[in-house]
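Architecture at a glance
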Amino acid sequence: MSGAAMGQRYSHLSLEERCRLRGLMEMGVSVSEIARRLGRHRSTIQREFARNRCADGYRPDSAARRAWARKLRGSRIARSTRLRAHVEGRLAMGWSPEQIAGRMELEGSEHRVGAESIYRHAYSPAGRRAGLPRLLAQRKPKRGRRRRNGPREPAIPNRTPIHQRPTKAHLRSQFGHWEGDLMHFRRQRDILLTLQERRSRLTLARRLLSKDAEVAAEAIAGELGGLPARARRTITHDNGGEFARHEAVTAAIGLQAYFCDPHSPWQRGSIENANGRLRRDLPRKTTLADYTDADIDDVISNLNATPRKCLGYRNPIEEFAANLGVALEM
């Protein structure tokens, strides 16, 4: 499969094409023109030169042997024990392929691969035998899209719609705008309040004793009340009745609440994404009574210490501290 476009069929250059390529190259034809005449993408020709050229220059027979030998040896990850251990180790830690590849590039690692290569390795026969698809965020046996169904949403008194939320909050250009949600588990009384700051993606969580709106309001005020005013400007919820006491939170800590359109929880996608990541360690079948508050804090800390592509592969803790103007001890 081609790394440039997942789902498209890619065929290697034939020996005949490699001979034509050599002839056109000796005639001084440009790479773009060679690609046009061979009916190939320009990057295919560039990759052929980069990967299959020998010390004496480009030779069609030698290039064909190199390509065939590489195919027999398998992918770059499969060929390198050290690289494979690094990639599979980070997958086991809950990192996504994008995070693994991005962090390797950020750190200038000697062995670097792209996210697509990691996905292909995870879904390869060897990767499936090792159970690597279960380490990915969606834990799917096959690659594909996931369909989400919006929950039922009751009316909220004096709700302010998300369309009136400040533009800076929508664009993530200002620090201090949050999203909130509840995570539910198999037992009805197992409830976890989750909050995420939109700009830094820092996630907070607190166990709730019930879905009562008063309990949820006190928990939100307790989690965010100790932050500077610039770090708690707004919060966006879905239309769950547990957030009906939003005005009490505003009165207590000055946090203005906004609400998604009915049946549109995707409008606060940051917290949806965070909850999906937390489900790796806290699946719906979890019994929260088996977890101490310290256990939950460890799960949240691991999430916040994981590099994010949207943050240039810094982690949420680093980004949150930078926005607060706090220096971290490395």
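Residues numbered from 1 in each chain as written. Predicted model: local features only at pLDDT ≥ 70, side-chain atom pairs only at ≥ 80, totals over all residues. Heavy atoms only, no water.

A short note on the sheet that holds strand β1 (residues 177-184)
The mixed open sheet is built from five strands, whose spatial order is β3-β2-β1-β4-β5. Of all strands in the sheet, those with a lone pairing partner are β3 (203-208) and β5 (256-259), marking the two edges. Here the strands of the sheet are splayed against their neighbours by 25° on average, with no regard to which way each runs. Bridge count for strand β4 (residues 234-237) against β5 is four bridges, and the pairing is parallel. Bridge pairing links His-237 to Phe-259 in β5. (Pairing = 2+ DSSP bridges. Helix = DSSP H or I, 4+ residues; strand = E, 2+ residues; numbered from the N terminus. Axes fitted to C-alpha atoms, helices over the stretch in contact; angles between N-to-C directions.)

Points about helix α1 (residues 15-26)
In this model α1 runs 17 Å from its N-terminal to its C-terminal C-alpha over 12 residues, within 8% of the 16 Å that 1.5 Å per residue would give. Listing the buried residues of α1 in full gives Glu-17, Arg-18, Leu-21 and Leu-24. Down the axis of α1, the buried set is contained in an arc of 125°. They therefore lie on one face. Relative to its buried face, α1 has exposed residues pointing more than 90 degrees away, namely Glu-16 and Glu-26. Of the residues trailing α1, Gly-28 is marked for its positive phi of about 80°. (Expected span 1.5 Å × (residues − 1). Buried < 20%, exposed > 50% of the residue type's maximum accessible area, 1.4 Å probe, protein only. Arc of directions from axis to C-beta.)

A word on the packing of aromatic side chains
Enumeration over the complete set of coordinates arrives at three aromatic pairs. For the pair Phe-49 and Tyr-58, a centre-to-centre distance of 5.5 Å together with 90° between the ring planes defines the contact as edge-to-face. Given the relative accessible area of 12%, Phe-49 is considered buried. Tyr-58 sits in the buried class, given a relative accessible area of 3%. Seen from their ring centres, Phe-175 and Phe-320 are 5.1 Å apart, and the 70° between their planes marks the pair as edge-to-face. Highlighted residues: Phe-175 in the loop between α10 (167-171) and β1 and Phe-320 in helix α15 (residues 316-324), separated in sequence by 145 residues. (Phe/Tyr/Trp six-rings, centres within 6.5 Å; stacked < 30°, edge-to-face > 60°.)

Observations regarding empty space enclosed by the protein
Applying the stated criterion across every chain yields a total of one cavity of 30 Å³ or more. Considering only enclosed or pocket space, the largest cavity measures out at about 70 Å³ in volume. Forming the boundary of the largest cavity are 13 residues, of which Ile-220, His-237, Arg-245, His-246 and Val-249 lie nearest the centre. Residue assignment for the lining of the largest cavity shows that the elements contributing at least two residues are α11 (213-224), β4 and α12 (246-253). With four residues, α11 is the largest single contributor of residues to the lining of the largest cavity. Its residues assigned to classes, the lining of the largest cavity shows nine nonpolar, two polar and two charged. (1 Å grid on protein atoms, 1.4 Å probe; cavity = no way out; pocket = protein on both sides within 12 Å on 5 of 7 lines; lining within 4 Å. Points joined across faces, edges and corners; volume = space filled by probe spheres on them. Nonpolar A, V, L, I, M, F, W, Y, C, P; charged D, E, K, R; others polar.)

Some thoughts on a positive patch on the surface
There is a patch of like positive charges on the surface, built from Arg-47, Arg-51, Arg-76, Arg-79 and Arg-112. Counting only elements with at least two residues in the positive patch, the list comes to α3 (42-52) and α5 (76-79). Tracing the backbone through its elements, the reader meets Arg-79 in helix α5. Arg-79 gets classed as partly exposed once you look at its relative accessible area, which sits at 35%. (Patch = residues over 30% accessible without salt bridge, like charges linked within 9 Å, V, L, I, M, F, W, Y side chains within 5 Å. Areas by Shrake-Rupley, 256 points an atom, 1.4 Å probe, with all protein chains shown as cover. Salt bridge = Lys/Arg side-chain N within 4 Å of Asp/Glu carboxyl O. Lys, Arg positive; Asp, Glu negative; His and termini not counted. Charge placed at Lys NZ, Arg CZ, Asp CG, Glu CD.)

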